[in-house]
Amino acid sequence: YYAHQGIGFIRLRRNEFDAAIDHFRKAMNYTKGITQPALLETQQLLAVALAGRGNLAEAEVIAQSIVAAHPEVPQARDLLERIRHQMNTSTGKRP
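Attention in this report is confined to the structure presented alongside it. Residue positions are counted from 1 within each chain, in the order its sequence is given. In keeping with the predicted nature of the model, local features appear solely for residues at pLDDT of at least 70, side-chain atom pairs appear and are counted solely at 80 or more, and the whole-chain, interface and lining totals rest on all residues. Think of the side-chain values as coming from all heavy atoms in the structure, minus any hydrogens and water.

### Digging into the packing of aromatic side chains
- Between the rings of Phe, Tyr and Trp (Trp by its six-membered ring), a pair exists once the centres lie within 6.5 Å; its type follows the angle of the planes, with under 30 degrees stacked, over 60 edge-to-face, and the other angles tilted. Under the counting rule described, the total for this entry stands at 1 aromatic pair.
- Ring centres 5.0 Å apart and planes at 90° place the aromatic pair Tyr1 and Tyr2 in the edge-to-face group.
- Note on Tyr1: relative accessible area 12%, which makes it buried. For every residue, the accessible area obtained with a 1.4 Å probe (protein chains only) is divided by the maximum for its type, and the residue is called buried under 20%, exposed over 50%, and partly exposed between those limits.

Following this line, the structure appears as C-alpha cells:
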C-alpha cells in the first residue's frame, strides 16, 4: 500500500497524472490493516490526479463520496469545492 501511495505522490508532484492514478488505484487494492486517515489521503490524492488529467467528473464523484462518508474532514470539502470551481472555469490546473 504505502509503496504505491508514495510513488503515486511523487508522480503527482511531477504532473505525471496517468502514472499517479495507476499507483493510487493499486494502493487501494491493498487496504487491509491501513488506517482510515491513510485511506482518505490516498482517495484525495487520486481525485487530485484525476482532476489534473482532466477527468473532472470522476474526480468530483470521488470527492463527493469522501465528503459523504466523512463530513468532518474539511480537506475533503475543500477539495470538492476546488474541483467544482475547476469544472466551472476549465483552467486545466490541478486543484
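So, next bit.
### A look at the side chain of Gln5
- Following the sequence through the fold, Gln5 ends up in helix α1 (residues 2-13).
- Throughout this description, a polar contact denotes any pair of N or O atoms lying within 3.5 Å of each other; where both atoms belong to protein, one of them has to be capable of donating a hydrogen while the other can accept it, and for residues adjacent in sequence the pair is counted only when both atoms sit in side chains. A polar contact of 3.4 Å, which involves the side chain of Gln5, links it to the side chain of Glu41.
- Apart from the residues within four sequence positions on either side, Gln5 is in contact with Phe24, Ala27, Ala38, Glu41 and Thr42. Strands here mean DSSP runs of E at least two residues long; helices mean DSSP runs of H or I at least four residues long; both are numbered from the N terminus. The contact criterion used is simple: two residues touch if any of their non-hydrogen atoms lie within 4.5 Å.

### Describing the environment of Arg84
- Residue position: Arg84 is located in helix α5 (residues 74-89).
- Here Arg84 falls in the partly exposed class, since its relative accessible area comes to 36%.
- Sequence-wise, Arg84 and Thr42 are 42 residues apart; in three dimensions their C-alpha atoms are separated by 19 Å.
- Excluding anything up to four places from it in sequence, Arg84 contacts Glu60 and Gln64.

### Quick word on the environment of Ile83
- Topologically, Ile83 is positioned in helix α5.
- Ile83 sits in the buried class, given a relative accessible area of 0%.
- For the pair Ile83 and Pro71, spaced 12 residues apart in sequence, the C-alpha to C-alpha distance is 17 Å.

### As for helix α2 (residues 17-27)
- By the burial criterion, the buried members of α2 are Phe17, Ala19, Ala20, Ile21, His23, Phe24 and Ala27.
- Those residues of α2 that are buried are in contact with α1 and α3 (36-53).

### Looking at unusual backbone geometry
- We note that Asn15 has phi near 60°; this positive angle belongs to a residue other than glycine.
- In this fold, Asn15 is placed in the loop between α1 and α2.

### Focus on the packing of α1 against α2
- For the pair α1 and α2, the least separation of the axes is 8 Å and the interaxial angle reads 160°. As summarised for this structure, α1 and α2 are arranged roughly antiparallel, according to the angle between their axes. Every pair of crossing elements has a handedness; the one defined by α1 and α2 is left-handed. Contacts from His4, Gln5, Ile7, Gly8, Phe9, Arg11 and Leu12 of α1 reach α2 at Phe17, Ala19, Ala20, His23, Phe24, Lys26 and Ala27.
- Amino acid classes used here: Ala, Val, Leu, Ile, Met, Phe, Trp, Tyr, Cys and Pro are nonpolar; Asp, Glu, Lys and Arg are charged; the rest, including Gly, are polar. When its residues are assigned to classes, the contact of α1 with α2 shows 8 nonpolar, 4 polar and 2 charged. The axes used here are C-alpha line fits, helices contributing only the stretch in contact, and every angle between their N-to-C directions lies in the interval 0 to 180 degrees. Angle categories are assigned with fixed cut-offs, so that under 35 degrees is roughly parallel, over 145 is roughly antiparallel, 65 to 115 is roughly perpendicular, and the rest are oblique. In this scheme the crossing of two helices becomes right-handed for a clockwise turn of the near helix relative to the far one and left-handed for an anticlockwise turn of less than a right angle.

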